[in-house]
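Observations on chain architecture
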Amino acid sequence: MTITFGERTMKTKILVALALLMCLSAAAQQRKYPGCVRYEKSFLVFPGDRSAQDAFYAKLDSLIAGIGGDVNVWQVGGSHIQAAYFPNRIMQKLDSIAPRGDRGFLFPRRLADTNSDTTYVITSTGMWEAPMLTRNSRLVKPRYGITGFGARTRDPKASVSFNIDPHGDSLWHFNRLRVLGYASSERAYPVVICGADTLYHSPDTLTESYVFDLPVHTDSVTVDLVIPQGESFVLNGLQPLSGRTGVHFFASGVNGAKVPSWVDQCADLERDLQLVKPDLAIFGLGINDSACKASEFRPEKFKNNYRRLIAMIRRVSPDCAFIFVTNNDSYRYVRGGMTYNMNAPAVRKAMMELAEEFGAGVWDLFGVMGGTNTVLSWRDAGLVKQDKLHFTDVGYKMLGDMFFDAMMTDWKNTKE
């Protein structure tokens, strides 16, 4: 049976309408949350042109209707993203309305002595050095890319194993694996153990990564390393691939990261963005850039750093849409304790100006919290941790829900 363009358009509208029925009214949603949450302020605002965002929605329409290709989303930030609850919630919500794509990038963060994403299990053997991108270290730091992590080993017994579906309650599986990293010479390289098979890579010259074709679809493998004496290998990440068409969600977060952390310190970021080619980039950088006295925060410098990041993304994906997430009301670390961070309004203003300049959207988290001096009420409601900076697991999941609802409402409004 042949489906006409008009029938396809109608199918798209019906599917989108069904998806949007999941979103309750603002009043009903507000009742779901503690009184400190200003849900009525949870919406996307576009100070300038919004055509890139509308083009992103058009791609979602086509994907849902079964007449379009992949949709790629990249969320980048600091600890709010590394915590994983916020991006994973958005990813899960997108899964509920559109075909699921691939899982994104994995990394054994325990090697860097930092918190991990609990939705997958990843372990390692052998001796590794994994200095954090954002920490001072006596160790020689590796090259970093889109994950913001790197672990070096000289140990021939080193390996990494992971299970992408440890609870057995999802559809994650893959039949291809990309290993991001580099060796001291061609004598050192990874191999993949999949069941009884030992697999060897095909080189990807575009990203200098190692690609393995698996004999079956699986949710877990082991990456062993061939490392002769005197050689070394740096692991930057793992990317399970399935070949499914859908929404592919990628999250890159490193505790303490600022905009320059990604632009200046991740030498392979632009190269690795070729693996994502985002249709939408969600920016969550600003809380660490502004962790200083109000007199020391330089909005124009902050905007220039973002301009460099946006230029990098546009070189890879010229039609990418952008959404800025403003800083939460918070405290910042100082010697001997915490003090109130007065820079959230200045960051919001800078992001609004950037959004107007680049035709981007803004989700005003600062406004959703209620503005200045509201973080304590969020802490008392169990949504923010005692440090008055980071959210609790419940808080991060709630942010994911509200961000998704804001995007769905904006999507709906484009059809009215």
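In what follows, the structure referred to is the one given above.
Residues numbered from 1 in each chain as written. Predicted model: local features only at pLDDT ≥ 70, side-chain atom pairs only at ≥ 80, totals over all residues. Heavy atoms only, no water.

**Quick notes on the layout of surface pockets**
When its volume is computed, the largest pocket comes out at roughly 600 Å³. In terms of lining residues, the largest pocket is bounded by 29 residues, among which Ser-79, Asn-255, Gly-256, His-390 and Tyr-396 are the most central. Elements represented by at least two residues in the lining of the largest pocket include exactly α5 (85-95), β16 (331-334) and α12 (393-413). A total of four residues in the lining of the largest pocket trace back to one element, the largest contributor, which is α5. Its residues assigned to classes, the lining of the largest pocket comprises 10 nonpolar, 12 polar and seven charged. If you add up the space inside the second largest pocket, you get close to 270 Å³. (1 Å grid on protein atoms, 1.4 Å probe; cavity = no way out; pocket = protein on both sides within 12 Å on 5 of 7 lines; lining within 4 Å. Points joined across faces, edges and corners; volume = space filled by probe spheres on them. Helix = DSSP H or I, 4+ residues; strand = E, 2+ residues; numbered from the N terminus. Nonpolar A, V, L, I, M, F, W, Y, C, P; charged D, E, K, R; others polar.)

**Comments concerning the pattern of salt bridges**
In this structure the tally under the stated criterion is 26 salt bridges. For Glu-300, the salt bridge goes to Lys-303, with nearest N and O atoms at 3.3 Å. Of the two residues, Glu-300 and Lys-303 are both situated in helix α8 (residues 299-316); the distance of three residues between them amounts to about one turn of the helix. On the basis of relative accessibility, which here comes to 42%, the residue Glu-300 falls in the partly exposed class. Classification of Lys-303 by relative accessible area gives buried; the value is 9%. A salt bridge links Glu-300 to Arg-307; its shortest N-O distance comes to 3.0 Å. (Salt bridge = Lys/Arg side-chain N within 4 Å of Asp/Glu carboxyl O. Buried < 20%, exposed > 50% of the residue type's maximum accessible area, 1.4 Å probe, protein only.)

**What about empty space enclosed by the protein?**
Vacant regions in the atomic arrangement are exposed by a probe of water-molecule size rolled over the atoms. Enumeration over the complete set of coordinates arrives at four cavities of 30 Å³ or more. Size it by volume and the largest cavity reaches roughly 130 Å³. For the largest cavity, the lining is made up of 16 residues, of which Asn-88, Arg-103, Arg-109, Asp-117 and Ala-251 are closest to its centre. Among the elements of the structure, α4 (79-82), α5 and β13 (247-253) are those that each provide at least two residues to the lining of the largest cavity. The dominant element in the lining of the largest cavity, judged by the number of residues it contributes, is β13, at five residues. Looking at the lining of the largest cavity, its residues break down into eight nonpolar, five polar and three charged. Estimates place the volume of the second largest cavity at around 110 Å³. Looking at the lining of the second largest cavity, the elements with two or more residues in it are α4 and β14 (280-284).

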